[in-house]
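# Per-entry structural report
Each chain, written out:
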Amino acid sequence: MAREVRCKTVEEPSLVALAKTHAATPSFKNKTASGSHLSNVHLCISSSCFLSGAGQDVGRSCILVSIGGKNIMLDCGMHMGFNDDRRFPDFSYITQQGRLTEFLDCVIISHFHLDHCGALPYMSEMVGYDGPIYMTHPTKAICPILLEDFRKITVDKKGETNFFTSQMIKDCMKKVVPLNLHQTVQVDDELEIKAYYAGHVLGAAMVQIKVGSESVVYTGDYNMTPDRHLGAAWIDKCRPDILISESTYATTIRDSKRCRERDFLKKVHETVERGGKVLIPVFALGRAQELCILLETFWERMNMKAPIYFSTGLTEKANHYYKLFITWTNQKIRKTFVQRNMFEFKHIKAFDRSYADNPGPMVVFATPGMLHAGQSLQIFKKWAGNEKNMIIMPGYCVQGTIGHKILNGQKKLEMENRQTVIEIERCEPGCCHLSLEVKLQVEYMSFSAHADAKGIMQLIRMAEPRNMLLVHGEAKKMEFLKDKIEQEFTINCFMPANGETTTVITNPSVPVDISLNLLKREMALGGPLPDPKKPRTMHGTLIMKDNSLRLVSPEQALKELGLNEHQLRFTCRVQLQDPHSDPDTLSRIYTHLKSVLKGYTIQHLPDGTVMVESIVIKVSSSAEEPNTKVLLLSWSYQDEDLGSFLSTLLKKGLPSGLSSM
Amino acid sequence: MKLYCLSGHPTLPCNVLKFKSTTIMLDCGLDTTSVLQFLPLPLVHSPRLSKLPGWVSKDGTINLEKELKECAGRVFVDSQPEFCLPEKELLDLSTIDVILISNYHCMMALPYITEHTGFTGTVYATEPTLQIGRLLMEELVNFMERVPKAQSATCWKYKEIQRLLPGPLKDAVEVSTWKRCYSMQDVNSALSKVQLVGYSQKVELFGAVQVTPLSSGYSLGSSNWIIQSHYEKVSYVSGSSLLTTHPQPMDQSSLKNSDVLILTGLTQMPTANPDGMLGDFCSNLAMTIRAGGNVLVPCYSSGVIYDLLECLYQFIENANLGSTPFYFISPVANSSLEFSQIFAEWLCHNKQSKVYLPEPPFPHAELIQTNKLKHYPSIHGDFSSEFRQPCVVFTGHPSLRFGDVVHFMELWGKSSLNTIIFTEPDFSYLDALAPYQPLAMKCVYCPIDTRLNFHQVSKLLKEVQPLHVVCPEQYTQPPPAQSHRSDLMLELQPPPMPYRRCSVLGLPFRRRWERIQLLPDVGPVATHLSDLQWGKKIFTQPPIVQVLPLKKMRVRKNPRTTRGDLVNNLQRAGTKVTKPTISNTLRRQGLKSCSARRVTLRKPVHVQARLKFAREHLDDPEEDWENVIWSDETKI
């Protein structure tokens, strides 16, 4: 599966486009202020997400959301497969020149993977953005380290210029505002954001963005099944207008984790048993800890003796982060950390370069994960020649790296880089060959923590969104998931391509202040217990003044606005053939209405009128035609329904069998 | 809107606010000063304490030899220590919907409130408050259960007898409500009702009220609370600090524009400057050690001790105390030190940036690593063999009535070389020392209380401008010992509304507006009508309002509520209904009754799948199963 995906990513056009400016989106506030129609409010979402595959380290996430007149950038990722300008999102879509600050209200980073935060210093320092950048504490701690590491590889090793500097990373991090889980952060008067636990890596978060009654939830990458060191993503029933979800594993319902873990352990065990060495190239943070915990418990249970090493430097530091941010791990680790910190490994020791030549079996975790440089590559070169050894790739590899080549089954590797040659010479003095035979076993096993189709559906059930937007996945698979979502939840589901803008129209409810007197009066009318399931109609006067909406009783409104009450009355004449005298006709009408309109108050007043509720009926006739009676009906605007009913009723004439009392 | 005051202690409050048909309890502090009336509980048999004479009244008419013992002219109760609980009679505790906790010192009465009272609500607290609160409760239970005392004294509590007793015992209040400590089971059950919240998280209660915790700067995870509807705002300020210690700084601006501000938990030591006290603490400690004596610091196992250790970390290098061992003895010492390091989000900016490096935020990690600070669960076990003198011992309980501190008092009390330094402000040090008299050991009193003082609070109130202030009556007059200090009280315009134990205050509110939502389909009607142009834009229209009755919410929240529960519940509220009425009402509202399933639902398809799995794996060799990691931790 992973292989297919890789081809896809390369063929994808690098078209990236970003948002609209504020002005394009009418804001709700302006509308109420101007006091014109309360029409629907548009919520524009423009998404630019490079559709990436199963790997967690490719693709580039950058989504722009316009909601209620606010523009928010969600993630600011970078593409690891490119070395040129296409690496970063095209921010010129937002503005052709100048800084981004005035076009963006805030930037939110979901987690520290470079495909979600890699372009951040480029955007804030080189393009120019001074507004707030929000991320969780662990992300804020780890993100600069990964960025610096990445910068070193790109600039120092590959010798690229026109790249951000260490100072830029530092300056960028100064703009970061840390975010706590479930804390409601008020970005400005109207815009608020709230973070939820996402369980993808340490500190990964989903964010809810809210302006007035409209809201969007962006999941970032998330995982719905708790693993050995992280908990499951969770969100409350916040009913967002749009849920933007990743869909990396859109069609897969992954085989149980237990199976994958068993496979992994079996392979490691077999290799170690026959005296081979196992190399596991990993990224310092994330899956490395998961696999360490897995091996640690296995070693303990099986009472294994073969040493496990962890390449030094970043990884050791990484474990320290896990210890300090233990509140972000799962329940079990948090509960037991005082007795035994899961990240203090008993069997796993720090690696030294010289250990690679030690005889006998061993397991080594080494960075980086794609075998493109550093310690993992060095060790790989030493062990590649022996078919007893094994390399397990737990993550995705970008095209062009050695990791990618060996996964494709390449058996002979050309070492093109001068630096590599020197390394080889140093390792095996006297031998100058430039190619390397790959004899060791190569295994690929995905342990990345993304939600599968079941997980995505589960999240939808949790949050109950009105619309769904899928990003960060493959078009074909997304299509399948989209159908499934639309079928099961009957909600709209969008899957915008890169650079495409999706607009969703929301039905915002309008908050109104109601005077307590009026509310109490209306409640008293409706009996003791209102039925919560049935909406109730109530009458009042809505005053729109100074940007506020207030519902008060009509009398109060008139008083407040200094207006006289105007009565709007409808009057109509109905001609009727009736041979009786006027008072008799009136009493006949009275009897008739009494029999037809049960449950209404009908009064026959001594002054020669009939009142039905507040509707007045009078009878008159001219001297010339005493049998043609003219009925005068008069009702106020409030009784329009009853009034028009009465007039049609009386037009039909009176039934003959009526007594005049 | 009403405020019921269940505790008279100004720093350990327990108030109940009734607001828009929700009942909210604000904190449940446990007044532990009552334990000062009791004899200490020694860890090892103390001949001195067991030989104390019993008390008999002067005329010999009352003989309570068994219950009361005399020591250095004072009378103590010889029984398991008891605590003074919040008032339980003022209102029905089962009607409480939520409890808001402000800090871990103010939740110690929680098991008394939530257990065995019919309480079905939720408790809201921040994560550090919950975790450290749990540690403090665990410690308390451990202290009590470690040295069980069969005897329980009850006779002295009779009003006629208490009246005739000497000294402070005669003046003890509410003795009939005094209770023994809860059990660990109660603690676990009470804490399982806690729901975690983060600072500035908006929590909706039944759609009627919104509550929000704010950072209060006093301790890890300590919070003030905002309780508001769309038009009314009540701020609850409890235990706040403006000093820069380890917790996140206080959030003041969110308290602005409150209608009512309930002010509790001001400093208990208004005349003592915490920085000066910290200096005194260090210099006295150094002096004693240099003279070859030991230092005993009775303290709580979390809170100020972190600051003390941090201060000592800098101090010992300069003062040449590098070789002196520091011991921290408490059943939860290790947990407390470990927990303090993992709450980066709740710490001040300085400490947060340390975590980014990554380094532990508190320097006591280094003290432990370099073996300068050692922690032990109790004086038994490893400690007795590794213990070296002269040394500094931090241990509880600060009342000197139970815990390991009792042992050190007996051990070191007779030598004038040793010093005891009091740092916790909760107990009067003279009262605490009373049962150990005569005492040769030096006593130093350096109470460190970082909570707001009167100067800070008046500045704060000027800034946030609440319409009304409610506070314990103690704050409306100068402390009795310093009656001339008119600066040690609250002077406000309008004057604050004082409360005492058992007060019920009506809060001055005039509710005039309520927020409703217009359904969007009303929109067109509105625009249509506006075309009528009645002079100005004013028109009538029918919005649609939904009101959720609270009773239904209660059933939905807790589906195991029975009809009988509701009948009782309503009867207490003064409404008499029958069970069939309840069923009918609930059915009308869409809630049906059902009985709980006793086994998991297994449809035929599940049965088939299980059978298939079993058949497939029937012949798997045993080694295969060894490779399986069982998610339920089964071991094969």
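Conventions we followed
Once a new chain begins, its residue numbering starts again from 1 and follows that chain's sequence as written. Chains carry letters from A onward and ligands carry numbers from 1 onward, assigned in written order. Per-residue local features of the predicted model are confined to residues with pLDDT of at least 70, and side-chain atom pairs are confined, for both listing and counting, to 80 or more; whole-chain, interface and lining totals are unaffected and use all residues. In computing side-chain properties, one takes all heavy atoms of the structure into account and sets aside hydrogens as well as water. Note on definitions: salt bridges are taken to be side-chain nitrogens of Lys or Arg within 4 Å of carboxyl oxygens of Asp or Glu. Numbering goes from the N terminus for both helices and strands, where a helix is a DSSP run of H or I of at least four residues and a strand is a run of E of at least two. Think of it in three bands: residues with accessible area under 20% of the maximum for their type are buried, residues over 50% are exposed, and the middle band is partly exposed, with areas taken using a 1.4 Å probe on protein chains only. Each pair of strands is called paired provided DSSP finds at least two bridges between the two strands. UniProt positions are given in the numbering used here, feature names are shortened, and annotations may be inferred rather than shown by experiment. To obtain an axis, a line is fitted to C-alpha atoms, over the contacting stretch when the element is a helix, and the angle between two such axes runs from 0 to 180 degrees between their N-to-C directions. Here, two residues are considered to be in contact whenever any of their heavy atoms come within 4.5 Å of each other. Expected helix span is computed as 1.5 Å times (number of residues minus one). Note that the arc is defined by the directions from the helix axis to the C-beta atoms. Any angle that is under 35 degrees is reported as roughly parallel, and any over 145 degrees as roughly antiparallel; angles of 65 to 115 degrees are reported as roughly perpendicular and all others as oblique. Side-chain atoms alone can form a polar contact between residues adjacent in sequence; in general such a contact is a pair of N or O atoms within 3.5 Å, and within protein one must be able to donate a hydrogen while the other accepts it. Stacked, tilted and edge-to-face are the three classes applied to pairs of Phe, Tyr and Trp rings, where Trp contributes its six-membered ring and a pair requires centres within 6.5 Å; stacked means planes under 30 degrees apart, edge-to-face means over 60, and tilted covers the rest. Two cysteine sulfurs form what is called a disulfide whenever their separation falls within 2.5 Å. pLDDT: the predictor's confidence for each residue, scored from 0 to 100. Note on convention: the crossing is left-handed when the near helix lies turned anticlockwise from the far helix by less than a right angle, right-handed when the turn is clockwise. Any residue outside Ala, Val, Leu, Ile, Met, Phe, Trp, Tyr, Cys, Pro, Asp, Glu, Lys and Arg is labelled polar, Gly included; the first ten of those are nonpolar and the last four are charged.

### Some details on the pattern of salt bridges
All names here are of chain A. A full pass over the atoms with the stated rule returns 38 salt bridges over all chains. The residue Lys70 makes a salt bridge to Asp188 at a minimum N-O spacing of 2.9 Å. A residue pair is termed long-range when its members are at least 10 positions apart, and Lys70 in strand S3 (residues 70-74) and Asp188 in the loop between strand S7 (184-186) and strand S8 (191-197) qualify at 118 residues. In this structure Lys70 comes out as buried when scored by relative accessible area, which is 11%. Note on Asp188: relative accessible area 25%, which makes it partly exposed.

### Observations concerning the pairing of strand S3 (residues 22-26) of chain B
Looking along a regular strand, one sees the side chains alternate between the two faces of the sheet. Residues and elements named next belong to chain B. S3 sits mainly inside the fold: five of its five residues count as buried. As paired strands, strand S2 (residues 15-19) and S3 are joined by five bridges and run antiparallel to one another. Looking across to S3, one finds that Asn15 is bridged to Leu26. Inspection of the sheet shows S3 paired to strand S6 (residues 98-100) by three bridges, in the parallel sense. The residue of S6 that forms the bridge with Leu26 is Leu100.

### Regarding unusual backbone geometry
Backbone torsion omega between Gln389 of chain B and Pro390 of chain B reads -5 degrees, so that peptide bond is classified as cis. Relative to the elements of secondary structure, Pro390 of chain B occurs in the loop between helix H12 (382-386) and strand S17 (392-395). With omega at 5 degrees, the peptide bond leading from Gly396 of chain B into His397 of chain B counts as cis. By the element assignment, His397 of chain B lies in the loop between S17 and helix H13 (405-412). The phi angle at Thr490 of chain A is positive, at roughly 45 degrees, despite the residue not being glycine.

### Topic: the UniProt feature "domain: Beta-Casp" (unreviewed entry) in chain B
With numbering aligned to this structure, UniProt lists the feature "domain: Beta-Casp" (unreviewed entry) at residues 305-433 of chain B. Here residues 305-433 of chain B runs as 42% helix and 12% strand, with 21 Å between its end C-alpha atoms.

### Describing the sheet that holds strand S29 (residues 609-612) of chain A
All names here are of chain A. What the five strands build is an open sheet, ordered S27-S31-S30-S29-S28; its pairing is antiparallel. Single-partner strands in this sheet number two, and they are strand S27 (569-577) and strand S28 (602-605). Each strand axis lies, on average, 20 degrees off the axis of its neighbour in the sheet, ignoring direction. Pairing geometry for S29 and strand S30 (residues 615-621), over four bridges, is antiparallel. Residue pairing in the sheet places Met611 in a bridge with Val616 of S30. Docked against the sheet, helix H18 (residues 582-596) engages S28, S29, S30 and strand S31 (628-636), running at close to 145 degrees with respect to S30. In the packing of helix H19 (residues 640-651) onto the sheet, the strands contacted are S27, S29, S30 and S31, and the crossing angle to S31 comes to about 170 degrees.

### Overview of helix H15 (residues 475-489) of chain A
Residues and elements named next belong to chain A. Over its 15 residues, H15 runs 20 Å from end to end, which matches the ideal 21 Å to within 8%, given 1.5 Å per residue. Along H15, the residues that are buried comprise Lys477, Met478, Leu481, Lys482, Ile485 and Phe489. Summarising the axial view, the buried residues of H15 lie within an arc of 140 degrees, below the 170-degree limit, and thus occupy one face. Away from its buried face by more than 90 degrees, H15 exposes Lys476 and Gln487. Next to the buried residues of H15 lie helix H14 (453-463), strand S20 (467-471) and strand S21 (492-494). A positive phi of about 45 degrees marks Thr490, the residue just after H15.

### Examining helix H7 (residues 274-290) of chain B
All names here are of chain B. When the terminal C-alpha atoms of H7 are compared, their 24 Å separation across 17 residues agrees well with the 24 Å that a helix rising 1.5 Å per residue should span. Where H7 is concerned, the buried positions are Pro274, Met277, Leu278, Phe281, Cys282, Asn284, Leu285, Ala286, Thr288 and Ile289. Turning to H7, the residues buried within the fold contact strand S14 (295-298), helix H8 (304-318), S17, strand S18 (419-422) and strand S19 (442-445). Trailing H7 by a residue or two, Gly292 shows a phi angle of about 90 degrees, which is positive.

### Observations regarding the environment of Met168 of chain A
Residue and element names in this part refer to chain A. Locating Met168 in the fold gives a position in helix H6 (residues 166-174). Judged by its relative accessible area of 23%, Met168 falls in the partly exposed class. A C-alpha to C-alpha distance of 28 Å links Met168 and Ala366, two positions 198 residues apart in sequence. With sequence-adjacent residues up to four places away left out, Met168 is seen in contact with Pro121, Glu125 and Met126.

### Here's the deal with the packing of helix H4 (residues 120-128) of chain A against H6 of chain A
Residue and element names in this part refer to chain A. Packing of H4 against H6 brings their axes to within 9 Å, and their N-to-C directions diverge by 90 degrees. By the angle between their axes, H4 is roughly perpendicular relative to H6. Contacts between H4 and H6 involve Leu120, Pro121, Ser124, Glu125 and Met126 from the first element and Met168, Ile169, Asp171 and Cys172 from the second.

### So, the side chain of Gln183 of chain A
For Gln183 of chain A, the position within the fold is in the loop between strand S6 (176-179) and S7. Look at Gln183 of chain A and you get buried, because its relative accessible area is 15%. Within polar-contact distance, the side chain of Gln183 of chain A engages the backbone nitrogen of Asn180 of chain A at 3.0 Å. Those residues within four positions of Gln183 of chain A in sequence are excluded, and the remaining contacts are Ile193, Lys194 and Ala195 of chain A together with Tyr199, Ser200 and Gln201 of chain B.

### With respect to the packing of aromatic side chains
Residues and elements named next belong to chain B. Applying the stated criterion to the full structure yields 34 aromatic pairs over all chains. For the pair Phe383 and Phe408, a centre-to-centre distance of 6.1 Å together with 70 degrees between the ring planes defines the contact as edge-to-face. Linking Phe383 in helix H12 with Phe408 in helix H13, this pair joins segments that are 25 residues apart in sequence. Of the two residues, Phe383 and Phe408, both sit in the buried class.

### Focus on the state of the cysteines
Under the definition given, this model contains zero disulfides over all chains. Free of any disulfide, Cys391 of chain B has its nearest neighbouring cysteine sulfur in Cys299 of chain B, separated by 14 Å.

### A word on the confidence of the model for chain B
Residues and elements named next belong to chain B. Per-chain confidence: chain B averages 85 in pLDDT, with 89% of residues scoring 70 or above. Within the model, the stretch residues 523-553 combines pLDDT values under 50 with 65 contacts to residues more than four positions away or in other chains. Interface scoring of the predicted complex returns ipTM 0.76; its pTM is 0.79.

### Things to note about the side chain of Ser634 of chain A
Residues and elements named next belong to chain A. Relative to the helices and strands, Ser634 is located in strand S31. A relative accessible area of 15% places Ser634 in the buried class. Engagement of the side chain of Ser634 in a polar contact is seen with the side chain of Arg569, the distance being 2.8 Å. Residues within four places of Ser634 in sequence aside, it is in contact with Arg569, Phe570, Thr571, Ser614, Ile615 and Val616.

### Concerning the packing of H18 of chain A against H19 of chain A
All names here are of chain A. Here H18 crosses H19 at 120 degrees, and the two axes come no closer than 12 Å. Judged by the angle between their axes, H18 and H19 are oblique. Relative to H19, H18 is oriented so that their crossing is right-handed. Residues Ile589, His592, Leu593 and Val596 of H18 pack against Leu646, Leu649 and Leu650 of H19. A per-class count over the contact of H18 with H19 returns six nonpolar, one polar and no charged.

### Some points on the confidence of the model for chain A
All names here are of chain A. Confidence in the prediction of chain A, expressed as mean pLDDT, is 77, and 82% of residues score 70 or more. Within chain A, the lowest mean pLDDT, 26, falls on helix H1 (residues 2-11), and the highest, 95, falls on strand S5 (residues 133-136). In this model, residues 1-58 is a region of pLDDT below 50 whose contacts with residues beyond four sequence positions or in other chains number 170 contacts. Ignoring residues within four places in sequence, the model shows residues 417-433, a span with pLDDT below 50, making 16 contacts including any to other chains.

### Here we look at the sheet that holds strand S19 (residues 441-444) of chain A
Residues and elements named next belong to chain A. Here we have six strands laid out as an open sheet, ordered S14-S13-S15-S12-S16-S19, and parallel in their pairing. A strand with exactly one partner marks an edge of an open sheet, and here the two such strands are strand S14 (348-350) and S19. Geometrically, the sheet is characterised by an average inter-axis angle of 25 degrees between neighbouring strands, direction not taken into account. Pairing of strand S13 (residues 308-310) with S14 involves three bridges; the strand directions are parallel. Residue pairing across strands places Tyr309 opposite Lys349, the latter belonging to S14. Each of strand S12 (277-281), strand S15 (362-366) and strand S16 (390-393) is contacted by helix H11 (residues 374-383), which is oriented at about 150 degrees to S12, the strand it contacts most.

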